[in-house]
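# Remarks on the overall topology
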Amino acid sequence: FGSSFRHPSRCILTCAFAPTPFVRQSRLQTTVITNMSSAQDNRDGNEPQAHMEPQEIAQETGTDLSKGLTSERADELLEEHGRNELEKPPRPSLAMLFALQLCSFVIVLLLIAAVASVVVNATGSKKDDPLSYTTGIAIFIIVLINASIAAWTEHKAGDALEALTKMSQATISVIRNGSEMKLEVPLLVKGDIVILETGDVVPADLRLIEAEDLKVSEMALTGEPDDVSKTWKVKSPDEESEKLTPENMVFSGCSVSNGKGRGIVTTTGMNTRIGRIAKLIEGEEEEKPKKKCFCLPDMTGNMTPLQTNLEKLGARIGVLAIVVCVIIFIVGVLLGRKDPSNPEGSSALYMILISVTLAVAAIPEGIPLCVTISLSIGCKEMVTKHVLVRKLAAVETLGSASVICSDKTGTLTEGKMSMVKMYAAGRKYDIEGKGFDPTVGKIMREGTSEDAGRDMGVRSCLLSGLLCCNTSLEQVKDEETGALKYEPRGNSSEAPIVVASRKAGFNESSFGQYKRVVEVPFSSSRKMMLTVCEVDGREELCENGMPVDKKAKYMSVCKGAPNYIIDTCKEVLNEDGSVSKMTEETKKELLEIVDDYSSQALRVLAIATRCMKEIPFDLEDDDITTDQKFQSCCQELRLIGLVASIDPDRDGVPQSVETAKGAGIRVVMITGDYLK
């Protein structure tokens, strides 16, 4: 893709767009760029904000870089620019759904048979007898009932799904009215200050104003598989000349793979880069959508196995009926068969009537109605299980499932991590309490019921972990009950440390006593997060905490995957505050503890520290990379302890898994947790 831009004159680019929440198409799309200037425009993206200072963009949009937009200004911009979402295909009306039900091959055969039956009887000797039209009218009624049931069921499911979608919009952290809040992505407007963290999907095109080791996957936008490093600084046009996207901008639909940052929204909806791609795909589509019955959309590509088999059955019956009727017609004409009630009539006309009558009798008019009623009953049963089915035939497809792949966190589990075990300074501890309420439960030595929240190892381990967290615990009002509850703000894996530290007597003011001077965010490659805080003048880390070197001015804290951190440690904290060397035997014992906790479905994090007289790099040097900062501070660490948290399974999950297995369905849990 990138090399195509360097070729002079005309070029042809062929791009495969992967399905994302923002792009509906998942097929190959060929785009012809007629000249080099068009290619240049596509590469630069016509993003003037990339060459502007953040303050200039803030002045344009009327926002404050520290406080964000006001609610009144945001409402004005939402009214002016519209919602932050791509244009969606129009939802089929009830009449369209009804018409689509009439396009099945079996239904078409039935309609032809009904018309033929009426025509035959209208031209026969009993044309004045109303009972002679019973067969044709009955087929018409069956077809109408069948189409009505299917169309109405799908229409009501569409209404429910649309309402459900509005209730479960994706959210993103923004700053408005001077405070951080969660906002539904469609309500984002130009000028909003967005906070990005690892795992977030960029909700709109943003000009970065802060970036800490920020990397973004732009595969959905450019096709490049490698993560792209981002910065908030303005780059010169010469530096950006070989880049597919500006380094100081992130774009809608791209995922944050590493680090964190802040950005100001520059464009939303169809004006974003991904929106322009969607317009390009729709505007330059060479093949027009396939039609069925001349005016209705062709849905054959989305047919279920049952629908496919019914289409094949209808085709076979139709062809067989036509062949048999033709043979009977030919034989009857050759034998000169005539209507006994009208011997003077034409033999050919009589055999036509006979052949059409046989054809009508051969078409199984009851199949579509039986299938529709069966699927409707299944759909109704699914509703009682709180499952909405948009397409009636999808009930049958669901019944054909043989493997279920499910995410773990938040799907099979409650998504509320709680610390239940801890290993600190050579001793194991149990932690009571479930959820985020720090007033429930206490910290105890394993095998006892006494409160151990004042133990040196416990306080040192939890405070060290707290110094390496960006999560806070707030008391908010429950919208449903009106009662006050505790709710974490930040990373879910850090919440157990914050809650447990509250049980040990620490709070927000405890954290504020240690000024943070360096932070290296968590990375999927490093598996660790690191911070450096000031500890100058302290003899111990905290009251009843581990001793601190009197000459030390700073302390680095590393939190992350146990096997990575244990390999980096040179010392281990003992129960009396002393330290011992990390031997191979000690390392083996620690890994056995990690395996034991992991076998209990616990998520384990290791916490290690290092006291330093000086920071081993210049804090003012912007050319030092995040990896260099990490490597210089993550050396000769001292292991303080291990913390193990559990995410309780949702009610009914074990029974559901057993039911699926009993039905012959394989259940696969997808998780990124520690694998023994």
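The rules we used
Residues numbered from 1 in each chain as written. Predicted model: local features only at pLDDT ≥ 70, side-chain atom pairs only at ≥ 80, totals over all residues. Heavy atoms only, no water. Helix = DSSP H or I, 4+ residues; strand = E, 2+ residues; numbered from the N terminus. Buried < 20%, exposed > 50% of the residue type's maximum accessible area, 1.4 Å probe, protein only. Contact = heavy atoms within 4.5 Å. Areas by Shrake-Rupley, 256 points an atom, 1.4 Å probe, with all protein chains shown as cover. Phe/Tyr/Trp six-rings, centres within 6.5 Å; stacked < 30°, edge-to-face > 60°. Lys NZ or Arg CZ within 6 Å of the ring centre and 35° of its normal. Core = buried A, V, L, I, M, F, W, Y, C linked by side-chain atoms within 4.5 Å. pLDDT = per-residue confidence, 0-100. Axes fitted to C-alpha atoms, helices over the stretch in contact; angles between N-to-C directions. Left-handed = near helix turned anticlockwise from the far one by under 90°. Nonpolar A, V, L, I, M, F, W, Y, C, P; charged D, E, K, R; others polar. Polar contact = N/O pair within 3.5 Å; in protein donor to acceptor, adjacent residues only side chain to side chain. Parallel < 35°, antiparallel > 145°, perpendicular 65-115°, else oblique. Pairing = 2+ DSSP bridges. Patch = residues over 30% accessible without salt bridge, like charges linked within 9 Å, V, L, I, M, F, W, Y side chains within 5 Å. Salt bridge = Lys/Arg side-chain N within 4 Å of Asp/Glu carboxyl O. Disulfide = S-S within 2.5 Å.

Attention shifts here to the overall build of the chain. Helix and strand counts for the chain come out as 21 helices and 25 strands. Among the 676 residues that make up the chain, the fraction classed as buried is 41%. A separation threshold of at least 6 residues defines the contact pool for the chain, and within that pool the share at least 24 residues apart is 68%. Entry remark: accessible area of the chain is about 36,200 Å², with carbon and sulfur atoms responsible for 54%.

Here the focus is the packing of aromatic side chains. Enumeration according to the criterion identifies zero aromatic pairs in this entry. For Arg-273, the ring lying beneath its charged end belongs to Phe-251, and the centroid distance is 4.5 Å.

The next subject is helix α20 (residues 626-633). Those residues of α20 that sit buried are Thr-626, Phe-630, Ser-632 and Cys-633. Where α20 is buried, its residues touch β6 (205-217), β18 (516-520), β19 (528-534), β20 (554-560), β23 (603-612) and β24 (637-646).

With that out of the way, let us pick up the nonpolar core. One finds Met-419, Met-422, Leu-462, Leu-463, Tyr-514 and Val-643 to be the most contacted residues of the largest nonpolar core, which totals 41 residues. Of all elements in the fold, only β13 (418-424), β14 (427-431), α15 (456-467), α16 (495-503), β19, β20, β23 and β24 reach the threshold of two or more residues within this core. Among the elements that line this core, the one with the most residues is α15, at seven residues. Apart from residues lying up to four places away in sequence, Tyr-514 is in contact with Leu-463, Leu-467, Cys-533, Glu-534, Val-535, Arg-538, Leu-541 and Cys-542. In this structure, Ala-608, Met-612, Cys-634 and Leu-642 belong to the second largest nonpolar core, which totals 32 residues.

Per-residue confidence for the chain gives a mean pLDDT of 79; residues scoring 70 or more make up 83%. Within the model, the stretch residues 1-45 combines pLDDT values under 50 with 73 contacts to residues more than four positions away or in other chains. Across residues 284-289, where pLDDT falls below 50, the model places five contacts with residues more than four positions away in sequence or in other chains.

Two numbers describe how helix α5 (residues 105-123) lies on helix α11 (residues 347-362): the axes approach to 9 Å, and their chain directions differ by 145°. Every pair of crossing elements has a handedness; the one defined by α5 and α11 is left-handed. Of α11, the residues touching α5 (which contributes Ala-113, Ala-116, Ser-117, Val-120 and Thr-123) are Leu-353, Val-356, Thr-357 and Val-360. Residue composition of the contact of α5 with α11, grouped by class: six nonpolar, three polar and no charged.

Residue Ala-425 is not a glycine yet carries a positive backbone phi of 50°. Tracing the sequence through the fold places Ala-425 in the loop between β13 and β14. Residues other than glycine seldom take positive phi values, yet Asn-544 does so here, at roughly 65°. With respect to the helices and strands, the residue Asn-544 is situated in the loop between β19 and β20.

What follows is about the environment of Gly-457. Assignment of secondary structure puts Gly-457 in helix α15. C-alpha of Gly-457 to C-alpha of Asn-574: the two residues are 117 residues apart in sequence and 8.0 Å apart in space. When neighbours within four sequence positions are excluded, Gly-457 is seen to be in contact with Ala-424 and Ala-425.

On to the side chain of Ser-173, then. Residue position: Ser-173 is located in strand β3 (residues 171-176). Within the structure, Ser-173 has its side chain in polar contact with the side chain of Lys-182 (distance 3.2 Å). Here Ser-173 is in contact with Glu-180, Met-181, Lys-182, Ile-193, Val-194 and Ile-195, once residues within four sequence places are set aside.

Viewed as axis vectors pointing N to C, α15 and α16 meet at an angle of 135°, and their least axial separation amounts to 9 Å. As far as their axial angle goes, α16 and α15 are oblique. The handedness of the crossing between α15 and α16 is left-handed. Across the interface between the two elements, Leu-462, Gly-465 and Leu-466 from α15 touch Ile-497, Val-498, Ala-500 and Ser-501 from α16. Its residues assigned to classes, the contact of α15 with α16 shows five nonpolar, two polar and no charged.

Glancing now at the pairing of β20. Where burial is concerned, most of β20 is hidden: seven out of the seven residues are buried. Residues Tyr-554, Ser-556, Cys-558 and Gly-560 point to one face of β20 and Met-555, Val-557 and Lys-559 to the other, with burial holding for every one of them. Where β19 and β20 come together, seven bridges link them in antiparallel fashion. By the bridge assignment for β20, Cys-533 is matched with Met-555. Two elements, β20 and β23, share seven bridges in a ladder whose sense is antiparallel. Bridge assignment links Gly-560 to a residue of β23, and that residue is Ala-606.

Once that is clear, we can look at a nonpolar patch on the surface. A surface patch of nonpolar side chains, amounting to about 440 Å² of accessible area, comprises Val-319, Val-323, Ile-327, Val-331 and Leu-335. Counting through the fold element by element, Ile-327 comes out in helix α10 (residues 305-335). Take Ile-327: its relative accessible area is 49%, and that puts it in the partly exposed class.

This part is about the state of the cysteines. Taken as a whole and judged by the stated rule, the model has zero disulfides. With no disulfide of its own, Cys-558 has Cys-634 as its nearest cysteine by sulfur position, at a separation of 4.1 Å. Take Cys-558: its relative accessible area is 0%, and that puts it in the buried class.

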